[in-house]
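Residues per chain are reported as follows:
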Amino acid sequence: MEGALLQNQNNMAFVGQIFKNPITGETVEFLETANETGGQYTRFKTTIPQGKGFEVEHLHIAGDESFVIVRGTLSYKLNGKTYNAAAGEYVVLPKGIPHAHWNADAEDLVMLQTISPSMDIDRFLETLFGLAMEGKLDSKGQPPFLQVMVWIRHMQSKTYLAAIPRRVQDFLAFVLTPIASLMGYQPFYAKYEVVK
């Protein structure tokens, strides 16, 4: 199974690949993909304009998220407390702990962001930015609810909202994913995968 996942990842994300979200203005540039690291981690440079980011508390059950701040200030919430990290600082948001992160500063926030282990995060980013390019995200850059349900049901690198019990989200994903699939929703879309 792991070998199959890595084989799939060979056909998508590559070092130097850049995605831009036309709705939020956020950009991501792959620095190290799952292919280069054997799935141990994925690292990318993220640029987030003022007022953007993910302010809703959420948690990842299988991967740690870390940031090295290059420019600007990262505002983040961890365990219910809000912090700020300036250029040169290093922040870890551990798996299983509710958190949020955003740019509250006037200057663009530039960070080196790492997800470890990679799992299917490369494919997720490619899909998310593909949906953004096609105008399939809302005005805040959020995907449709049914798309999120499909991701919760099928992704390895699952993200849950902190305010709703995971069991509830898993149940909704179990019930709604067959309906979402009939409507054309998929975990990943071949049209967004770039073969290099």
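Structure report, in brief. The structure displayed is predicted, hence computed values, not measured ones. Numbers given for residues are sequential positions, taken from 1 along each chain in its written order. In keeping with the predicted nature of the model, local features appear solely for residues at pLDDT of at least 70, side-chain atom pairs appear and are counted solely at 80 or more, and the whole-chain, interface and lining totals rest on all residues. The side-chain quantities take in all heavy atoms of the structure and omit both hydrogens and water.

**As for the overall build of the chain**
What the chain contains, in helices and strands, is five helices and 11 strands. C-alpha atoms of the chain, sized along the principal axes, occupy 45 × 40 × 30 Å. Only protein chains enter the calculation, and the probe is 1.4 Å; a residue is then buried if its accessible area is under 20% of its type maximum, exposed if over 50%, and partly exposed in between. For the chain, buried positions account for 43% of its 196 residues. For this analysis, residues touch if any pair of their heavy atoms sits within 4.5 Å. Put simply, of all contacts in the chain between residues at least 6 apart along the chain, 69% involve residues at least 24 apart. Using a 1.4 Å probe, the Shrake-Rupley method yields the accessible areas, and only the shown protein chains count as cover for residues. Looking at the chain as shown, the accessible area adds up to about 9,900 Å², and 56% of this sits on carbon and sulfur atoms. Runs of H or I in DSSP of at least four residues are treated as helices and runs of E of at least two as strands, each being numbered from the N terminus.

**Here we look at the pattern of salt bridges**
In the sections that follow, a salt bridge refers to a side-chain nitrogen of Lys or Arg positioned within 4 Å of a carboxyl oxygen of Asp or Glu. All told, the structure shown has five salt bridges when counted by the stated rule. Residue K191 is joined to E134 by a salt bridge in which the shortest nitrogen-to-oxygen separation is 3.2 Å. Of this pair, K191 sits in the segment after helix 5 (166–182) while E134 is found in the loop between helix 3 (121–133) and helix 4 (145–154), placing the two residues 57 residues apart along the sequence. Among the ionic contacts, a cluster of salt bridges with common partners joins E134, K136 and K191.

**Some remarks on the packing of aromatic side chains**
Here a Phe, Tyr or Trp ring, Trp counted by its six-membered ring, pairs with any other such ring whose centre lies within 6.5 Å, and the pair is stacked when the planes are under 30 degrees apart, edge-to-face when over 60, and tilted otherwise. Scanning the entire structure with this criterion turns up six aromatic pairs. Both rings, one in F19 and one in F30, keep their centres 5.9 Å apart while their planes meet at 80 degrees; by these two values the pair is edge-to-face. Taken as a pair, F19 in strand 1 (residues 18–20) and F30 in strand 2 (residues 27–32) lie far apart in primary sequence, 11 residues in all. Assessed through its relative accessible area of 0%, F30 is described here as buried. Here Y76 and Y83 contribute two aromatic rings whose centre-to-centre distance is 5.3 Å and whose plane-to-plane angle is 25 degrees, an arrangement assigned as stacked. Since its relative accessible area comes to 12%, Y76 is described here as buried. With relative accessibility at 34%, the residue Y83 sits in the partly exposed group. Lysine and arginine charges are scored as sitting over a ring when NZ or CZ, respectively, is within 6 Å of the ring centre and within 35 degrees of the ring normal. Geometry around Y160 places R166 over its ring, the cationic atom sitting 5.3 Å from the centre.

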